[in-house]
Amino acid sequence: QTFGLGQLNPLTTLMVTDRVHAVGGLPRLDANQPQKVYHAIMDPDVSLHYMAATIRASIDAYRDIAGVDISDNPGLTATLYNVGDVRRRAREFAKYRRSHPGAWPQENYYGWLINDRLADLEKLL
């Protein structure tokens, strides 16, 4: 199950807690303190840190595992945020790319929509 603004689940939140602590200075979360995990997920001021760390983890996984830089493709990072299991997907893509040099990961509909509306979204920032 996912919760809050970022539709985060507790496992994903715990997986990026070290990065959030290192970069954002928030306290590390612990699975033995579920109330704090759920607070991090449900409080938008806190969950934004975990959302950003999750996106950064996707970018890093595709760079390190698959050898591609997806950081300039918001639709692709949105797709990966939407579908999850990024490290497995990066491994599968790396395997595919060995037999298809130059192949690029594909956005799902959600990611396509992000890229299609990127100019409008950037105006909101």
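Before going into details, it helps to say that this report is about the structure given with it.

### Observations regarding the pattern of salt bridges
What the rule picks out here adds up to eight salt bridges. Here Asp 60 ties to Arg 56 by a salt bridge, and the two come within 2.9 Å at their closest N and O atoms. Here Asp 60 pairs with Arg 56, and both are found in helix α4 (residues 44-66), just four residues apart, close to one helical turn. Using a relative accessible area of 11% as the deciding quantity, one classes Asp 60 as buried. On the basis of relative accessibility, which here comes to 34%, the residue Arg 56 falls in the partly exposed class. For the salt bridge of Asp 116 with Arg 117, the shortest nitrogen-to-oxygen distance reads 2.1 Å. Of the residues examined, Asp 116 reaches a relative accessible area of 41% and is grouped as partly exposed. Each of Arg 19, Arg 56, Asp 60, Arg 63 and Asp 64 takes part in one network of salt bridges that share partners.

### Let's talk about the nonpolar core
Core analysis: the biggest nonpolar cluster contains 13 residues, and Tyr 62, Ala 66, Val 68, Ile 70, Leu 80, Val 86 and Phe 93 have the highest contact counts within it. Sorting the residues of this core by element identifies α4, α5 (74-83) and α6 (86-99) as the ones contributing at least two each. Leu 8, Val 16, Leu 29 and Met 51 belong to the second largest nonpolar core, which has twelve residues in total.

### Some thoughts on the packing of aromatic side chains
Under the counting rule described, the total for this entry stands at four aromatic pairs. Geometrically, the ring pair formed by Phe 3 and Tyr 38 is edge-to-face, given 5.4 Å between the ring centres and 80 degrees between the ring planes. Pair noted here: Phe 3 is in the segment before α1 (10-15) and Tyr 38 is in helix α3 (residues 34-42), with a separation of 35 residues, a long-range link. Taking the relative accessible area as the measure of exposure, Phe 3 reaches 23% and is therefore partly exposed. Following the ring pairs from residue to residue traces out a cluster consisting of Tyr 62, Phe 93 and Tyr 96.

### Quick notes on the side chain of Thr 54
Position of Thr 54 relative to the elements: it lies in helix α4. What makes Thr 54 buried here is its relative accessible area of 14%. With near-sequence residues (within four places) excluded, Thr 54 lies in contact with Leu 8, Thr 12, Val 16 and Tyr 81.

### Examining unusual backbone geometry
Not every positive phi belongs to a glycine, and Gln 7 is a case in point at roughly 50 degrees. Locating Gln 7 in the fold gives a position in the segment before α1. Classification of Gln 7 as partly exposed rests on a relative accessible area of 46%. Within the chain, Asp 85 stands out as a residue other than glycine whose phi angle is a positive 50 degrees. Positionally, Asp 85 belongs in the loop between α5 and α6.

### Quick word on the packing of α3 against α4
Contact pair α3 / α4: the axes reach a minimum separation of 5 Å and the direction vectors enclose 90 degrees. Here α3 lies roughly perpendicular to α4, going by the angle between them. Here α3 contributes His 39, Ala 40, Ile 41 and Met 42 to the contact with α4, which in turn contributes Pro 44, Val 46, Ser 47 and Tyr 50.

Analysis parameters
Residues numbered from 1 in each chain as written. Predicted model: local features only at pLDDT ≥ 70, side-chain atom pairs only at ≥ 80, totals over all residues. Heavy atoms only, no water. Salt bridge = Lys/Arg side-chain N within 4 Å of Asp/Glu carboxyl O. Helix = DSSP H or I, 4+ residues; strand = E, 2+ residues; numbered from the N terminus. Buried < 20%, exposed > 50% of the residue type's maximum accessible area, 1.4 Å probe, protein only. Core = buried A, V, L, I, M, F, W, Y, C linked by side-chain atoms within 4.5 Å. Phe/Tyr/Trp six-rings, centres within 6.5 Å; stacked < 30°, edge-to-face > 60°. Contact = heavy atoms within 4.5 Å. Axes fitted to C-alpha atoms, helices over the stretch in contact; angles between N-to-C directions. Parallel < 35°, antiparallel > 145°, perpendicular 65-115°, else oblique.

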